[in-house]
Amino acid sequence: MSILITNGRIITASEDYVADIFIEGETISAIGKNLQQKADTKIDAKGKLVFPGGIDPHVHLDMPFMGTYSSDNYETGTLAALHGGTTMVIDFILQTQGKPLRHALEQWQGRSNGNCYGDYSFHMAVTDFNDSTKKEISEMVDKEGITSFKTFMAYKGALMIDDRQMVGLMNEVKKCGGMVTVHATNGDMIDFLIAKHRGEGKLSPLYHYLSQPEITEAEATGRFADMANYTGCPAYVVHMTCEGALNHIRDVEKRNQKVYAETCIQYLILDASLYEKDFEGAKWVMSPPLREKKDQATLWAGINQGTVQVVATDHCPFKWEQKKMGEKDFSKIPNGHPAIENRMELLFSEGVNKGKITLNKFVEVSSTNAAKIFGMFPKKGCVAVGSDADLVIFDPNEEHTLSAKTHHMNVDYSGYEGWEVTGKVKTVLLRGEIAIENNECKIGKGFGKFIKRNKVGTMI
Ligand SMILES: [Zn+2]
C-alpha cells in the first residue's frame, strides 16, 4: 500500500511549509515538492493543514470504579479519539494494593488486547511500593516497554502511596531508566474537607470543588518536585490545573531542575462556575476540579513559556445514570469527563484561532512533546521520513458544533454541548492506513497496536 498526499500545509512543532508526503507501508518514505512517485491512493490536501496524529497521554478506558466502569472501553474510546485526530493514547494500569504489578497488567491487557482502533500504551500506576513491587519495575521497563510509573498522593486506602514509598519508587525508577508521574494533590487535606462538608450536610457538586482548594494541589506539587530533586528521578505532573502548582514548577527551574507538566483541555477553557448549576455540575466533577479564570491565564502562559509541555484530557467518561450515584452526596459522583474526541479541535479553535498559541505550539503540546517525554519520538509525534505515517488532514476553516448527538464517545452528554468550533478533522491516517475519512471509520477493531516505549532518554 502506498499513499501520496499532495500540497498540504505541513505543520510540525518547528516547521510550516507546503509539500507532498509519500507513504509506503506504515511509514513516511519521502517529503518534497512535486513528488512523482506512483501511489495506490492519492489525497489532495490543498488548503488543508497536515500535522502529526494527536497523542493523548492521559486517558482512562474501561477503568473499574466503584463497582462500575468508565463508559468508553478500548473500542469506543480509541475510535472516538481517531475521529478527533488522536491516533495514540496512553492509558493507566492501576495496581491493586497487596497484589503484583503483573496481575494488574494482565487484567488491563485482557480488556484492551485486540479491541483498539488506535495505537495505545500504558502507564503503570504503582499503588503499593514494597520489596516485591521493586523487583517488577525493571521488568516493566525492559520487557514490557512500560517506562512511566504513575503515583497518587491522594485517595488513601486505595491508590495513595506515602512519601517513603514515593522516594523508594523514584530511586528504583531512576535506576531502570523510567519516569515517575504524579496525581499531585494532598489527600489528607482533601479527606478532611470532604468529611467536614458531608458533616455539615453540604452535599452538592459545588462541595466537590470546595473540598479541593488550590493549596491542596500546590502543596503536593511542590513536595513531589522536592522528592524528585532529591532522588534525581525524571518527573512529570499530570493534569495540572492552577497557578499555585505551576509556580512551584517555575521555581524549581531556578535550582536547575526540570519537572514536566501536563494540563488538560478542560482546565484551559472551562471554569468552576459550572459547579453552581446544581446537580448538572456533576458532568464536570473531576479531580482536580475546574478552577478560576486566573488559572486558565496561568496555564496558557505556562504553555507559551514552556513550563507546561502537554495538553491531555484525563478522559474518563461516565454516563448520566452513573453520575447519579452521587445525586445525594458529591463524594459518590464518579470522577471524570469525556474529551478524548474533542481535545484537538477545541485546542485548535480556542488556542490557535483565538491567538493564544501558535500552530507550531499546537502540534508541540498535542503530540510531539508527549512522544518525546514518553519515549516514542521520532517514531511518533512528527512528520518526518522514517516516522510512522500517523497524520491528520485538517480543514482550519470548517465550522461545526460539538454535541452528544454527533460525537462518537459512549456517553449520553457532552461537556461541551453547543460549543461552536472552527477547524475540523477531515482525514486521519494511522500507520499508513486511512483510518477516518469524512466522519467514517475505514479500519477495523484491533488495528490499534500496543506501542512499546523506550527508556526516558529523549528529553525536551
Ligand atoms: Zn487520570
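For the structure, see preceding data.
Trainee: Could you clarify how one ought to interpret the nonpolar core in this entry?
Mentor: Soluble globular proteins tend to bury their nonpolar side chains together. Residues Phe51, Met124, Ile137, Met166, Phe224, Leu347 and Phe362 are the most contacted members of the largest nonpolar core, which totals 127 residues. No other element matches helix α13 (residues 359-373), which puts seven residues into this core. Ranked by size, the runner-up nonpolar core spans 16 residues in total, among them Ala19, Val383, Ile393 and Ile434.

Trainee: Would you mind going over the coordination of the zinc ion with me for this structure?
Mentor: Of the protein atoms, only His58 (NE2), His60 (NE2) and Asp314 (OD) coordinate the zinc ion, at distances of 2.0 to 2.2 Å. Sequence spacing of the donor residues for the zinc ion, all on one chain, is H-x1-H-x253-D. Remark: Asp314 occurs in the loop between β15 (310-312) and α11 (320-323) and His60 occurs in the loop between β6 (54-59) and β7 (64-65); sequence separation between them is 254 residues. Here His60 falls in the buried class, since its relative accessible area comes to 6%. Judged by relative accessible area, which is 10%, Asp314 ranks as buried.

Trainee: Could you clarify how one ought to interpret the sheet that holds strand β13 (residues 235-237) in this entry?
Mentor: The strands making up a sheet associate through backbone hydrogen bonding, with each pair oriented either parallel or antiparallel. Pairing in this open sheet of eight strands is parallel, and the strands run β6-β9-β10-β11-β12-β13-β14-β15 from one edge to the other. Edge positions in the open sheet fall to β6 and β15, since each of these has one partner strand only. Direction aside, neighbouring strands of the sheet carry axes that sit 30° apart on average. Direction of pairing for strand β10 (residues 119-125) relative to strand β11 (residues 148-152): parallel, over a ladder of two bridges.

Trainee: How do you make sense of helix α8 (residues 243-252) when you look at a structure like this?
Mentor: Think of an α-helix as turning once every 3.6 residues; residues three or four places apart then point the same way. By the burial criterion, the buried members of α8 are Gly244, Ala245, Leu246, Ile249 and Val252. The secondary structure elements touched by the buried residues of α8 are α7 (214-231), β13, β14 (259-264) and α10 (293-305).

Trainee: Is there a simple way to explain the pattern of salt bridges in this structure?
Mentor: Side chains bearing opposite charge may pair, as long as their charged atoms lie close to each other. Summed over the entire model, instances satisfying the criterion amount to 35 salt bridges. In this structure, the salt-bridge partner of Lys445 is Glu75, at a minimum N-O distance of 3.4 Å. In this pair, Lys445 sits in the segment after β19 (440-441) while Glu75 sits in helix α1 (residues 74-83), placing the two residues 370 residues apart along the sequence. A salt bridge links Lys294 to Glu243, with the nearest nitrogen and oxygen atoms 3.2 Å apart. Of this pair, Lys294 sits in helix α10 while Glu243 is found in helix α8, placing the two residues 51 residues apart along the sequence. The partly exposed category is assigned to Lys294, whose relative accessible area is 35%. The partly exposed category is assigned to Glu243, whose relative accessible area is 30%. Salt bridges sharing partners connect three or more residues here, namely Glu26, Asp119, Lys379, Lys380, Asp388, Asp390, Arg431 and Lys449.

Trainee: Is there a simple way to explain unusual backbone geometry in this structure?
Mentor: Of all residues except glycine, most have a negative phi; of all peptide bonds, most are trans. Here the residue pair Ser287 and Pro288 is connected by a cis peptide bond, since its omega of -5° sits within 30 degrees of zero. Along the chain, Pro288 falls in the loop between α9 (265-269) and α10. The amide bond that connects Phe377 to the next residue, Pro378, takes the cis arrangement and shows omega of 5°. Positive phi outside glycine occurs at Asp62, with the angle close to 50°. Relative to the helices and strands, Asp62 resides in the loop between β6 and β7.

Trainee: Just checking my understanding: could you explain the pairing of strand β17 (residues 420-430) for this structure?
Mentor: β17 sits mainly inside the fold: nine of its 11 residues count as buried. In this sheet, β17 lies alongside strand β16 (residues 391-401) in antiparallel orientation, the contact comprising eight bridges. Within β17, the residue paired with Phe394 across the bridge is Val425. Here β17 runs beside strand β18 (residues 433-437); their pairing, made up of four bridges, is antiparallel. Counterpart to Leu429 in the pairing with β18 is Ile434. Adjacent in sequence and paired antiparallel, β17 and β18 are bridged by two residues, among which Arg431 carries a positive phi angle near 40°.

Trainee: Can you walk me through the packing of aromatic side chains in this structure?
Mentor: Centre distance and the angle of the planes are the two values used to describe a pair of aromatic rings. Going through the model one piece at a time under the given rule, you end up with 16 aromatic pairs. With a centroid separation of 5.8 Å and an interplanar angle of 75°, the aromatic rings of Tyr120 and Phe122 are classed as edge-to-face. On the basis of relative accessible area, Tyr120 is assigned to the buried category, the value being 4%. Given a relative accessible area of 1%, Phe122 falls into the buried group. Feature note: the residues Phe51, Phe348, Phe362 and Phe394 constitute an aromatic cluster, connected by ring pairs. Directly above the ring of Phe92 sits Lys150, whose terminal nitrogen or CZ lies 4.3 Å from the centroid. Stacked on the ring of Phe377, the Lys or Arg Lys372 has its end atom at 4.9 Å from the ring centre.

Calculation rules
- Residues numbered from 1 in each chain as written.
- Predicted model: local features only at pLDDT ≥ 70, side-chain atom pairs only at ≥ 80, totals over all residues.
- Heavy atoms only, no water.
- Core = buried A, V, L, I, M, F, W, Y, C linked by side-chain atoms within 4.5 Å.
- Buried < 20%, exposed > 50% of the residue type's maximum accessible area, 1.4 Å probe, protein only.
- Helix = DSSP H or I, 4+ residues; strand = E, 2+ residues; numbered from the N terminus.
- Donors = N, O, S within 2.8 Å, 3.2 Å for Na, K, Ca; no water.
- Pairing = 2+ DSSP bridges.
- Axes fitted to C-alpha atoms, helices over the stretch in contact; angles between N-to-C directions.
- Contact = heavy atoms within 4.5 Å.
- Salt bridge = Lys/Arg side-chain N within 4 Å of Asp/Glu carboxyl O.
- Phe/Tyr/Trp six-rings, centres within 6.5 Å; stacked < 30°, edge-to-face > 60°.
- Lys NZ or Arg CZ within 6 Å of the ring centre and 35° of its normal.

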